[in-house]
Amino acid sequence: MSKILLVSNEKGTVSILTNLLKTEGYKVSSTADAKKAKDLISSDEFNLVIASVNVQADIEFVAEVKAKQSALPVMVITSPGSAMAAAAAKLSPFASVEKPLKVDQLLAAVQKAVDFNDAALTESVNLNLQLETCYEFENLVAESPVMKSICELLNRVA
């Protein structure tokens with residue numbers, strides 16, 4: 001089950017989005033406080049952060065999340081034509097959805113972000129497995145007696 005963190009100080013938006021996303025099978029945590037959101041992100045793993053961008057502090061929150069956890073997709077909800085919408089666009093979020101929210105557009109963007117995150121995690125695990133097996137002592141080519149003795153020493157030390 002994919003986990004989504006919803007950050008917004010608009011109680012109505014939080015309530016509606018939480019119910020909608022839970023209905024679609026997502027586990028949703030929500031907060032209105034950016035500091036609490038940062039604590040949640042550092043203590044739990046999320047597949048997506050959805051942030052409603054209304055004030056400069058919201059922009060700073062999105063920028064900080066992107067800087068600290070660049071692999072975590074961040075979706076922003078903005079008001080069309082607002083200064084905050086332009087500032088949010090400069091941060092290059094994974095997706096940007098404008099108010100009034102269209103359910104099908106929102107759900108498609110959420111699914112795309114979650115799929116992207118899942119694919120990135122799978123690729124990361126695969127690369128780590130390749131690295132672990134690629135650099136084992138058995139894969140070293142040691143022809144000379146000196147290199148063979150170094151490999152034996154490394155195996156004993158390990």
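This text gives an overview of the structure that appears in the document. Per chain, the residues get numbers from 1 upward, laid out in the order the sequence is written. Per-residue local features of the predicted model are confined to residues with pLDDT of at least 70, and side-chain atom pairs are confined, for both listing and counting, to 80 or more; whole-chain, interface and lining totals are unaffected and use all residues. Only heavy atoms go into the side-chain values, all of them from the structure, while hydrogens and water stay out.

**A short note on unusual backbone geometry**
Here's step 1: The omega torsion of the bond from lysine 99 to proline 100 falls at -5°, within 30 degrees of zero and hence cis.
Here's step 2: Think of it this way: any DSSP run of H or I at least four residues long counts as a helix, any run of E at least two long counts as a strand, and we number them from the N terminus. Turning to its location among the elements, proline 100 is positioned in the loop between strand 5 (95–98) and helix 5 (103–134).
Here's step 3: Look at serine 92: it is not a glycine, yet its phi comes out positive at around 55°.
Here's step 4: Within the secondary structure, serine 92 is located in the loop between helix 4 (83–90) and strand 5.

**Some words on the sheet that holds strand 1 (residues 3–7)**
Here's step 1: Only when DSSP finds a minimum of two bridges between them are two strands counted as paired. Read from one edge to the other, the open sheet built from five strands follows the order 2-1-3-4-5, with strand pairing classed as parallel. The open sheet is flanked by strand 2 (27–31) and strand 5, the only strands paired with a single partner. On average, each strand axis in the sheet is tilted by 20° relative to the strand beside it, whichever way the strands run.
Here's step 2: Here strand 1 runs beside strand 2; their pairing, made up of five bridges, is parallel. Interaxial angle, 0 to 180 degrees, is taken between N-to-C directions of lines fitted to C-alpha atoms, where a helix line uses only the stretch in contact.

**Re the environment of tyrosine 26**
Here's step 1: Mapped onto the fold, tyrosine 26 is located in the loop between helix 1 (11–23) and strand 2.
Here's step 2: Residues tyrosine 26 and methionine 1, 25 residues apart in the sequence, show an inter-C-alpha distance of 6.1 Å.
Here's step 3: Any two residues whose heavy atoms approach within 4.5 Å at even a single point are treated as in contact. Those residues in contact with tyrosine 26, other than ones at most four positions away along the chain, are Met1, Ser2, Ile4, Leu21, Val110, Gln111 and Val114.
Here's step 4: Polar contacts involving the side chain of tyrosine 26 include one to the side chain of glutamine 111, which spans 2.6 Å. Each polar contact in these results corresponds to two N or O atoms within 3.5 Å; when the atoms are within protein, one needs to be able to donate a hydrogen and the other to accept it, and residues that are neighboring in sequence are counted only if both atoms are side-chain atoms.

**Remarks on the pattern of salt bridges**
Oppositely charged side chains can pair when the atoms bearing their charge come close.
Here's step 1: Should a side-chain nitrogen of Lys or Arg be within 4 Å of a carboxyl oxygen of Asp or Glu, the pair is scored as a salt bridge. Inspection of every chain in the model, using the stated rule, returns five salt bridges.
Here's step 2: The closest approach of N and O atoms between lysine 35 and aspartate 39, which form a salt bridge, is 3.7 Å. You can see lysine 35 and its partner aspartate 39 sitting in helix 2 (residues 34–43), four residues apart, about one turn around the helix.
Here's step 3: Only protein chains enter the accessibility calculation, which uses a 1.4 Å probe; a residue whose area is less than 20% of its type maximum is buried, one above 50% is exposed, and one in between is partly exposed. For lysine 35, a relative accessible area of 54% translates into the label exposed.
Here's step 4: Assessed through its relative accessible area of 40%, aspartate 39 is described here as partly exposed.
Here's step 5: The partner of lysine 68 in a salt bridge is glutamate 64, and the shortest N-O contact between them spans 3.3 Å. Of this pair, lysine 68 and glutamate 64 both sit in helix 3 (residues 56–68), separated by four residues, roughly a single helical turn.
Here's step 6: A network of salt bridges, in which partner residues are shared, links Lys38, Glu64 and Lys68.

**Brief notes about the packing of aromatic side chains**
Here's step 1: Any two of the Phe, Tyr and Trp rings considered here, Trp counted by its six-membered ring, make a pair once their centres fall within 6.5 Å; the pair's planes then place it as stacked at under 30 degrees, edge-to-face at over 60, or tilted in between. Counting across every chain of the model gives one aromatic pair.
Here's step 2: Between the aromatic rings of phenylalanine 94 and phenylalanine 116, the centroid separation amounts to 5.1 Å while the plane-to-plane angle is 40°, which identifies the pairing as tilted. Here the residue phenylalanine 94 occupies a position in the loop between helix 4 and strand 5, and phenylalanine 116 occupies one in helix 5, the gap between them amounting to 22 residues.
Here's step 3: Phenylalanine 116 sits in the partly exposed class, given a relative accessible area of 43%.

**Quick word on helix 4**
Working note: α-helix, 3.6 residues per turn, so residues spaced by three or four point in the same direction.
Here's step 1: Turning to helix 4, its buried residues number three or more, namely Met84, Ala85 and Ala88. Along the axis of helix 4, the buried residues cluster in a sector spanning 100°; they form a single face. In this structure, helix 4 carries Ala83, Ala89 and Lys90 as exposed residues pointing more than 90 degrees from its buried face.
Here's step 2: Elements in contact with the buried residues of helix 4: helix 3 and strand 4 (74–78). The directions from the helix axis to the C-beta atoms form the arc being described.

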